[in-house]
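The residues making up each chain are set out below.
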Amino acid sequence: MIIRDLDFFISDARPEEPVKVKAFDVKARMGLTPSSLPGLNLALNPYMGCEHGCLYCFAPDVVKRPRETWSSEVGYRSNLPVLLNHELRTKRGVIGVGTVTDPYQPLEKMLLLTRKCLMEISRHDNPISILTKSDLVTRDLELICSTARPEIGITVTTTDEMLAAKLEPGAPSPRRRFEALSQVVKANIEAYAMIGPVLPFLEDRDLTLLLEAIKATGCTRVMVDRLRLRPGLEQALLESKAVRTTSCLTDHAHMGGQARFVREECIRLGLRFETAF
Ligand code: SF4
């Protein structure tokens, strides 16, 4: 069922064509699936596909969806709150919210599906760990505070608004994400900034700017992930003109050097450094 086919994008950093998305209802058979990600026991993904459309996204390969429709055709699991109501009676452990798609992508503003799931979770003792690239998460801070031991990670990859607009065309601007991170910190929720991935074409001074912007939010934890190259990704990056050459994307020594640099800068700035996965 197509419920939506309209222009949605409103951002000071996104002057390009408005994006259109087809949304369709998918009845899930299970709400919480086992997760093998570090620190998580269970995974909750209200959406299938992601309107943020990041060029470096490897999730389509993980869930075996075509990259071409990942951001333009998004499923929503409308029956998740009902399933959670039953499953949370017996399933225990840390729930990762948004392990393969963003739980606060633009559709959530209208559907409130992640919010309804959090309302079910808040009636139980399961800790939650939310990862998002959207400031929409701040809408739910009060609710999130009512869950057991909540944690929120906000992904930021660059301070460069125009670069982010090319790489993450459907996501809120970096400025909005830094503001959201600041609000999460102020709400006394365990917060971390996810630099995922560390973009191989950033220079040291770009990474320093990024870490300084994170520190300015009051957040004291930084998690990093490396770029996970998948078929078609190099081509997409070249076509976006975000990069002139893709040789750095396969230069593992260079990427290792970047991770070490970020770690050293974290130490200098008094930030806790962690690696993802
Ligand atoms: S926000 Fe995450 S899941 Fe969504 S497109 Fe970007 S990398 Fe993929």
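Residues numbered from 1 in each chain as written. Predicted model: local features only at pLDDT ≥ 70, side-chain atom pairs only at ≥ 80, totals over all residues. Heavy atoms only, no water.

### Considerations on the pattern of salt bridges
Within this structure, the stated rule accounts for 18 salt bridges. A salt bridge links R221 to E274; its shortest N-O distance comes to 2.8 Å. Taken as a pair, R221 in strand β10 (residues 221-224) and E274 in strand β11 (residues 272-275) lie far apart in primary sequence, 53 residues in all. On the basis of relative accessible area, E274 is assigned to the buried category, the value being 17%. Overlapping salt bridges bring together E151, E190, R221, R272 and E274 as one network. (Salt bridge = Lys/Arg side-chain N within 4 Å of Asp/Glu carboxyl O. Helix = DSSP H or I, 4+ residues; strand = E, 2+ residues; numbered from the N terminus. Buried < 20%, exposed > 50% of the residue type's maximum accessible area, 1.4 Å probe, protein only.)

### Things to note about the packing of helix α2 (residues 80-87) against helix α4 (residues 113-121)
As a packed pair, α2 and α4 sit with axes 9 Å apart at the nearest point and diverge in direction by 15°. Between α2 and α4, the angle falls in the class roughly parallel. α4 is crossed by α2, and the crossing has right-handed handedness. Contact with α2, carried on its side by L80, P81, L84 and N85, involves L113, K116, C117, E120 and I121 of α4 and no other residues of that element. Counted by class, the contact of α2 with α4 contains six nonpolar, one polar and two charged residues. (Axes fitted to C-alpha atoms, helices over the stretch in contact; angles between N-to-C directions. Parallel < 35°, antiparallel > 145°, perpendicular 65-115°, else oblique. Left-handed = near helix turned anticlockwise from the far one by under 90°. Contact = heavy atoms within 4.5 Å. Nonpolar A, V, L, I, M, F, W, Y, C, P; charged D, E, K, R; others polar.)

### Some thoughts on the site of the ligand
Around the ligand sit C50, H52, G53, C54, C57, W70, V100, T101, D102 and K133, and that is every residue in its neighbourhood. Comparing atom positions with the cavity grids shows the ligand to sit within the largest pocket. Considered class by class, the residues forming the shell around the ligand number five nonpolar, three polar and two charged. (Near = heavy atom within 4 Å. 1 Å grid on protein atoms, 1.4 Å probe; cavity = no way out; pocket = protein on both sides within 12 Å on 5 of 7 lines; lining within 4 Å. Sits in = over half its atoms within 2 Å of the grid points.)

### Points about the packing of helix α8 (residues 204-216) against helix α10 (residues 252-269)
Two elements in contact, α8 and α10, have axes whose closest approach is 10 Å; the angle formed by their N-to-C orientations is 40°. Relative to α10, the element α8 lies oblique. Our pair here, α8 against α10, has a crossing hand that is right-handed. Facing D204, L207, T208, L211, E212 and K215 of α8, the residues of α10 in contact are Q258, F261, V262, E265, C266, R268 and L269. A breakdown of the residues in the contact of α8 with α10 according to their chemical character gives six nonpolar, two polar and five charged.

### Regarding the layout of surface pockets
Estimates place the volume of the largest pocket at around 1,100 Å³. Forming the boundary of the largest pocket are 48 residues, of which G98, T99, L131, M194 and F277 lie nearest the centre. Every element with two or more residues in the lining of the largest pocket is listed here: α1 (59-62), β6 (95-97), β7 (127-132), β8 (148-155), β9 (190-195), β10 and β11. Counting residues per element, the lining of the largest pocket draws most heavily on β7, which supplies six residues. (Points joined across faces, edges and corners; volume = space filled by probe spheres on them.)

### Quick look at the confidence of the model for the protein chain
When the pLDDT values of the protein chain are averaged, the result is 92; 93% of them are 70 or greater. Note that residues 1-13 has pLDDT below 50 and, in this model, 38 contacts with residues that lie over four places away or in other chains. (pLDDT = per-residue confidence, 0-100.)

### With respect to α8
The end-to-end C-alpha separation of α8 is 18 Å, in line with the 18 Å expected for 13 residues at 1.5 Å each. Turning to α8, its buried residues are L207, T208, L210, L211 and I214. One face of α8 carries all of its buried residues, which in axial projection span an arc of 160°. Those residues of α8 that are exposed and aimed more than 90 degrees away from the buried face are R205 and A216. If you follow the buried residues of α8, they end up packed against α7 (174-186), β9, β10 and α10. In the stretch just after α8, G218 is the one whose phi turns positive, near 95°. (Expected span 1.5 Å × (residues − 1). Arc of directions from axis to C-beta.)

### What to know about the sheet that holds β11
Backbone hydrogen bonds hold the strands of a sheet together, and the pairing may be parallel or antiparallel. What the eight strands build is an open sheet, ordered β2-β3-β6-β7-β8-β9-β10-β11; its pairing is mixed. At either end of the open sheet lies a strand with only one pairing partner, and these are β2 (33-34) and β11. Here β9 pairs with β10 via three bridges, running parallel. Note on β10: the bridge partner recorded for I195 is V224. The strands touched by α4 are β3 (42-44), β6 and β7; relative to β7, the strand with the most contacts, the crossing angle is about 165°. Running over the sheet, α7 touches β8 and β9 and is turned about 160° from β8. (Pairing = 2+ DSSP bridges.)

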